[in-house]
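Residues per chain are reported as follows:
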Amino acid sequence: EEEQEEEAIISRFQQYLRINTSQPSPDYAQAADFIAGQAKSLSLEFQTLEFVKGKPLVLLKWPGSDPSLPSILLNSHTDVVPSETHKWAHPPFSAHLDSSGDIFARGSQDMKCVGLQYLEAIRRLKALGFRPIRPVYLSFVPDEEIGGHDGAEKFAESEAFEKLNVGIVLDEGLPSLDENYRAFYTERCPWWLVIKAIGAPGHGAKLYDNTAMENLLKSIESVRKFRASQFDLVKAGLKTEGEVVSVNMAFLKAGTPSPTGFVMNLQPSEAEAGFDIRIPPTADPESLERRIAEEWAPASRNMTFTFIQKNSVLDKSGKPLLTATDSSNPWWNLLEEAVKKANGKLGKPEIFPASTDARYFRDQGLPAIGFSPMANTPILLHDHNEFLNKAEYLKGIEVYESIIKAYASYTQHARSDGSKDEL
Ligand code: MET
Ligand SMILES: [Zn+2]
Ligand SMILES: [Zn+2]
């Protein structure tokens, strides 16, 4: 019977994974239908919020016996990044289960696993007769992978959100290569930068100064020098990945297309490069901005720059967006204890090296913890052949069962800054 139950759990996970919610044209309608179906089968209240047409956010509620207590929000995004399908061993929306129990799919780690694990944990808690004291909400949000502006950002700023009286948010984390789960108290913020060079066109055989290509290449050299300085700190073991500024080139665009490729004897008059920059909350964004204006895209070299994405590392009051992970934050202690209770181990809290929707909730002054229970798992987010082992997925459900139970039973009135009322 337990075996049958496990099969049903895995089959539900596969169903969700098989919905193609890949950017840039995710099938949000089908994902929303699927989540609504799950909500019905679990007798959870649900509603669809559409801050932007065609981009549904599905909100589920498990009511608490004391609705006056701040609620718990379990967040996950429904969209996934694109895949180079033909480079995968198993198609990214096949959710292929191999003989060692690995389930291959885009979104198996990032983060359809988490969204469904929340639901499976609730299914078990309900079967055991557990009743939450605090209300528990689950948000299935769109558009995280393209910045979250039409999803979590609008949600966190909405009146509907304020009414939920959220006290703590759980969002995504990363797999761990060893047995210790990872938890994240803050994250680097994304700046997506495009620099553009212009220069005089001319014969491909002519040497002259200030071509667009030469101007852009000087910038790229400068970016690479900076990148190496940051990477060296990580390689030397002086800093972790989340503690340095990363910069990686995402695209290069230049040249005059021809039917066989590019015109070779014409020097282009424009050239562009795009960079994905991630900045730790402790870095000085102004000095980086100066570096961009003075070294990477100086007007003196006929260069301009724009940001496609530019989040602040600071909240409205100018403080870094951090969630406390000491005794001042009861939610942190509860998480630690709950993971232990489920026979899991938790490593030291870290800075999430990429970016998540948690930043929009932290921006509202709320504590938010990044956590995806995947131990002994290679980190394959945004990579080919993303997979999660079945046993690891099932273990994660037990961990959430323990966390949700602890959180929903917690009766002290925790303030949003994490401090407690005196008893
Ligand atoms: C820039 S918004 C965040 C998108 C995605 N989670 C990433 O870190 O790349
Ligand atoms: Zn994600
Ligand atoms: Zn992602």
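Residues numbered from 1 in each chain as written. Chains lettered and ligands numbered in written order. Predicted model: local features only at pLDDT ≥ 70, side-chain atom pairs only at ≥ 80, totals over all residues.

In the nomenclature of an unreviewed UniProt entry, the protein chain is known as N-acyl-aliphatic-L-amino acid amidohydrolase of Ficus carica. Taken from UniProt, the Subcellular location (unreviewed entry) comment for the protein chain reads in full: "Cytoplasm". (UniProt positions renumbered as here; feature names shortened; annotations may be inferred.)

A tally of helices and strands in the protein chain yields 10 helices and 21 strands. For a compact globule of 423 residues, the expected C-alpha radius of gyration is about 22 Å, and the protein chain comes in at 23 Å, within 12% of that figure. A principal-axis box enclosing the C-alpha atoms of the protein chain has dimensions of 80 × 50 × 45 Å. Counting every position in the protein chain, which comprises 423 residues, the buried fraction comes to 44%. For the protein chain, restricting intrachain contacts to residue pairs at least 6 apart in sequence, the fraction spanning at least 24 positions comes to 78%. (Helix = DSSP H or I, 4+ residues; strand = E, 2+ residues; numbered from the N terminus. Rg over C-alpha atoms; globule rule 2.2 N^0.38 Å. Buried ≥ 20, exposed ≤ 12 C-beta atoms within 10 Å, placed from the backbone. Contact = placed C-beta atoms within 7 Å.)

Attention shifts here to the nonpolar core. V169, I369 and I404 are the most contacted members of the largest nonpolar core, which has 81 residues in total. Excluding its chain neighbours within four sequence positions, the residues that come into contact with I369 are L170, A183, F184, Y185, T323, W331 and L335. Core analysis: the second largest hydrophobic core is formed by 22 residues, C189, A212, A297 and M303 among them. (Core = buried A, V, L, I, M, F, W, Y, C linked by C-beta atoms within 7 Å.)

What follows covers the sheet that holds strand β3 (residues 71-77). The 8 strands are arranged β1-β2-β6-β3-β7-β20-β9-β19 in an open sheet whose pairing can be described as mixed. Here the strands that pair on one side only, and so sit at the sheet edges, are β1 (45-49) and β19 (350-352). Between one strand axis and the next, the sheet turns by 30° as a mean value, whatever way the strands run. Against the sheet, helix α3 (residues 112-127) contacts β2 (57-62), β3 and β6 (136-141), and its axis sits at roughly 140° relative to β3. Lying on the sheet, helix α4 (residues 149-156) is in contact with β1, β2, β3 and β6; it crosses β6 at an angle near 150°. (Pairing = 2+ DSSP bridges. Axes fitted to C-alpha atoms, helices over the stretch in contact; angles between N-to-C directions.)

For L335, the location among the structural elements is in helix α8 (residues 330-341). Taking the C-alpha atoms as reference, L335 lies 35 Å from P24; in sequence the two are 311 residues apart. Sequence-distant contacts of L335, defined by excluding residues within four places in its chain, comprise A183, I369 and I403.

Okay, the pairing of strand β7 (residues 166-171) next. Summarising burial for β7: 6 of the 6 residues are buried, a large majority. Bridge analysis of β3 against β7 gives 4 bridges, and the strand direction is parallel. Opposite I72, over in β7, you have I168 as the bridge partner. In this structure, β7 lies alongside strand β20 (residues 368-371), joined through 3 bridges in parallel fashion. Among the inter-strand pairings, V169 is bridged to a residue of β20, identified as A368.

Around ligand 1, a shell composed of E144, E145, G147, G148, P190, Q309, A354, S355 and T356 is seen. A breakdown of the residues in the shell around ligand 1 according to their chemical character gives 2 nonpolar, 5 polar and 2 charged. (Near = placed C-beta within 6 Å. Nonpolar A, V, L, I, M, F, W, Y, C, P; charged D, E, K, R; others polar.)

Below, the discussion takes up the sheet that holds strand β12 (residues 246-254). Within the open sheet, the 4 strands sit side by side as β12-β16-β10-β17. Their pairing is antiparallel. Of all the strands in the sheet, the pair left with one neighbour each is β12 and β17 (303-310). Across the sheet, the axes of successive neighbouring strands diverge by a mean angle of 20°, strand direction being ignored. On the sheet, helix α6 (residues 212-235) packs against β10 (189-198), β12, β16 (270-279) and β17 and is oriented at approximately 15° with respect to β16.

Another aspect to go through is α8. With 12 residues, α8 ought to run about 16 Å at 1.5 Å a step, and its terminal C-alpha atoms sit 16 Å apart, in line with that. Where α8 is concerned, the buried positions are P330, W331, W332, L335, A338 and V339. For α8, the secondary structure elements touched by its buried residues are β7, β8 (180-181), β9 (183-187), β18 (345-346), β20 and α10 (390-409). Following α8 by one or two positions, N343 adopts a phi angle in the positive range, close to 65°. (Expected span 1.5 Å × (residues − 1).)

Under the domain assignment, the protein chain is made up of domain 1 (2-187 + 316-409) and domain 2 (189-310). On a C-alpha basis, the centres of domain 1 and domain 2 stand 35 Å from each other. Listed by partner, the interface residues are 12 residues for domain 1 and 11 residues for domain 2. (Domains from an automatic or database assignment.)

The next subject is unusual backbone geometry. The omega torsion across Q23 and P24 is 10°, close enough to zero to call that bond cis. Secondary-structure assignment places P24 in the loop between α1 (2-17) and α2 (28-41). With phi around 70°, D143 is a residue other than glycine that occupies positive phi space. For D143, a count of 24 C-beta atoms within 10 Å puts it in the buried group. A positive phi is found at N210, a non-glycine position, where the angle reads about 65°. Among the structural elements, N210 can be located in the loop between β11 (202-203) and α6.

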